Amino acid sequence: MTFAATILTLYPEMFPGPLGVSLAGRALERGDWSLDAVQIRDFAKDKHRTVDDTPAGGGAGMVLKVDVLADAIDHARATAKAKIAAPLPFRGGDGGGGAPPTLTLDENPHPNPSPEGEGLAGTAAPFPVLAMTPRGTPITQARIRELAAGPGVIILCGRFEGFDERIFAGREVEEVSVGDIVLSGGECAALMVLDACIRLLPGVMGAPSSGAEESFEDGLLEYPHYTRPVEWEGRAIPEVLRSGDHAKIAAWRKRQAEDDTRLRRPDLWERHVGARDRPASGARRKHRDQGS
Ligand code: SAH
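The sections below set out a description of the structure shown in this document. Quick caveat, the model's predicted, so the values are computed rather than measured. (Residues numbered from 1 in each chain as written. Predicted model: local features only at pLDDT ≥ 70, side-chain atom pairs only at ≥ 80, totals over all residues. Heavy atoms only, no water.)

## Focus on the sheet that holds strand 1 (residues 3–9)
In sheet architecture, strand pairing relies on hydrogen bonds along the backbone and comes in two forms, parallel and antiparallel. A sheet is described by the order of its strands in space; here five strands give the open sequence 2-1-6-5-7, paired in parallel fashion. Every other strand in the sheet has two partners, leaving strand 2 (33–39) and strand 7 (174–177) as the edge strands with one partner each. Sheet twist, expressed as the mean angle between neighbouring strand axes with direction ignored, is 35°. Inspection of the sheet shows strand 5 (residues 129–138) paired to strand 6 (residues 152–156) by three bridges, in the parallel sense. The partner of Val129 across the bridge, within strand 6, is Ile154. (Pairing = 2+ DSSP bridges. Helix = DSSP H or I, 4+ residues; strand = E, 2+ residues; numbered from the N terminus. Axes fitted to C-alpha atoms, helices over the stretch in contact; angles between N-to-C directions.)

Put into structure tokens, the structure is as follows:
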């Protein structure tokens with residue numbers, strides 16, 4: 001199934017941008033995902049195509065107008081819904097195959113996993129809508145996994161001072177941050193979120209196992225990597241990695257991942273230890289950290 005990405009932006013020419021090359025680019029060409037970059041300005045209400053206005057209460061900058069944003073989101077949701085209900089384009093190339101499969105909303109094998117399942121006026125909202133904002137919940141790999149398992153995503157990119165606050169509750173929009181930094185616009189943030197989703201789509205990454213050990217997948221940073229030359233400017237690849245002893249290598253990597261996480265990301269480490277030591281079935285588990 002095609003993962004359908006819709007980007008609502010004042011700069012549609014920024015897409016696919018970096019996602020048009022390498023793994024994501026080839027996946028786009030294959031049709032593993034689709035991209036619709038929609039100009040927010042097309043939903044402006046006046047002949048000047050105004051999308052922003054001065055902040056209520058005064059202050060610097062401009063705020064994206066809620067009525068314009070709402071129309072853009074409604075359009076994107078309706079288009080996305082139609083896409084899911086429509087027969088998938090036949091991409092075979094092998095000459096055979098018969099009729100293309102039809103996927104209806106009810107049969108969607110990847111229902112929207114987010115709690116905001118019900119959308120406008122009680123109709124199902126098949127696509128999660130994310131707004132990029134530094135005020136949002138920091139995005140996590142777990143949320144990316146949920147999104148990648150779904151039918152796609154609509155991403156709203158801000159500019160200027162950001163969005164009129166009423167849009168979030170008014171259209172069930174999830175506020176997402178890509179970190180404690182301030183960008184000039186939501187487009188780079190949207191590219192990050194999309195890139196992270198696309199690499200998880202079936203068939204996009206070369207070796208299916210290469211995603212399993214990545215940073216964050218088990219709540220830890222990944223262990224460090226090395227490759228030839230064995231010695232470089234007096235720095236050698238750790239002996240154990242050249243030993244050929246797979247059990248020893250696995251143990252070393254586990255320890256590195258744990259040590260690095262504890263030192264670099266105490267926040268992740270706390271959560272990891274908490275989750276690890278939480279009894280799964282009411283049985284008390286021994287505190288494994290003892291003595292280390
Ligand atoms: N006035 C806002 C910042 C606006 S920056 C504030 O102080 O919170 C302009 C736009 O860039 C935002 O609307 C948002 O879409 C995007 N943006 C900036 N930083 C971001 C971040 N850390 N995560 C996601 N989007 C961000």
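## Overview of the site of the ligand
The environment of the ligand is made up of 20 residues, and the closest members are Met132, Gly158, Gly179, Ile181 and Leu183. Between Thr133 and the ligand, the recorded distance is 3.3 Å, taken from a backbone N or O atom to a nitrogen atom. Separating an oxygen atom of the ligand from a backbone N or O atom of Gly158 is a distance of 2.9 Å. Elements represented by at least two residues in the shell around the ligand include exactly strand 5 and strand 7. Of the residues forming the shell around the ligand, the biggest block, four residues, is contributed by strand 5. (Near = heavy atom within 4 Å. Polar contact = N/O pair within 3.5 Å; in protein donor to acceptor, adjacent residues only side chain to side chain.)

## Notes on the environment of Asp42
As for its placement among the helices and strands, Asp42 is situated in the loop between strand 2 and strand 3 (52–53). Distance from Asp42 to Leu10, taken between C-alpha atoms, is 9.3 Å for residues 32 residues apart in sequence.

## Some words on the nonpolar core
Side chains that are nonpolar tend, in soluble globular proteins, to be buried together. In terms of nonpolar packing, the biggest core is built from 28 residues, with Trp33, Met132, Ile155, Leu194 and Ile198 touching the most fellow members. If you list the elements that add at least two residues to this core, you get strand 1, helix 1 (22–30), strand 5, helix 3 (141–148), strand 6 and helix 5 (187–198). With eight residues, the single largest contributor to this core is helix 5. Discounting chain neighbours no more than four positions away, the residues touching Ile155 are Thr6, Ile7, Leu8, Leu130, Met132, Ala190, Val193 and Leu194. Counting residues in each nonpolar core, the second largest holds 25 residues, with Val51, Ala70, Val129 and Ile167 among its members. (Core = buried A, V, L, I, M, F, W, Y, C linked by side-chain atoms within 4.5 Å. Buried < 20%, exposed > 50% of the residue type's maximum accessible area, 1.4 Å probe, protein only. Contact = heavy atoms within 4.5 Å.)

## Structural notes on the pattern of salt bridges
Per the stated rule, a full pass over the model turns up 17 salt bridges. When the shortest N-O distance is used, the salt bridge between Arg143 and Glu174 registers 2.8 Å. Taken together, the positions of Arg143 in helix 3 and Glu174 in strand 7 put the pair 31 residues apart, joining distant regions of the chain. Taken individually, Arg143 and Glu174 each receive the classification buried, so the pair is uniform in this respect. Ionic contacts of the salt-bridge type, sharing partners, join the residues Arg143, Glu146 and Glu174 into one network. (Salt bridge = Lys/Arg side-chain N within 4 Å of Asp/Glu carboxyl O.)

## Regarding unusual backbone geometry
Of the consecutive residues Phe15 and Pro16, the connecting peptide bond is found in the cis state with omega at 0°. Within the fold, Pro16 resides in the loop between strand 1 and helix 1. In the segment running from Arg228 into Pro229, the intervening peptide bond is cis, with an omega of 5°. Its place among the elements puts Pro229 in the loop between helix 5 and strand 8 (231–232). For Phe160, which is not glycine, the phi torsion reads 55° and is therefore positive. Within the secondary structure, Phe160 sits in the loop between strand 6 and helix 4 (166–170). For Glu172, which is not a glycine, the phi torsion comes out positive at approximately 50°. Note that Glu172 resides in the loop between helix 4 and strand 7. Glu172 gets classed as partly exposed once you look at its relative accessible area, which sits at 27%.

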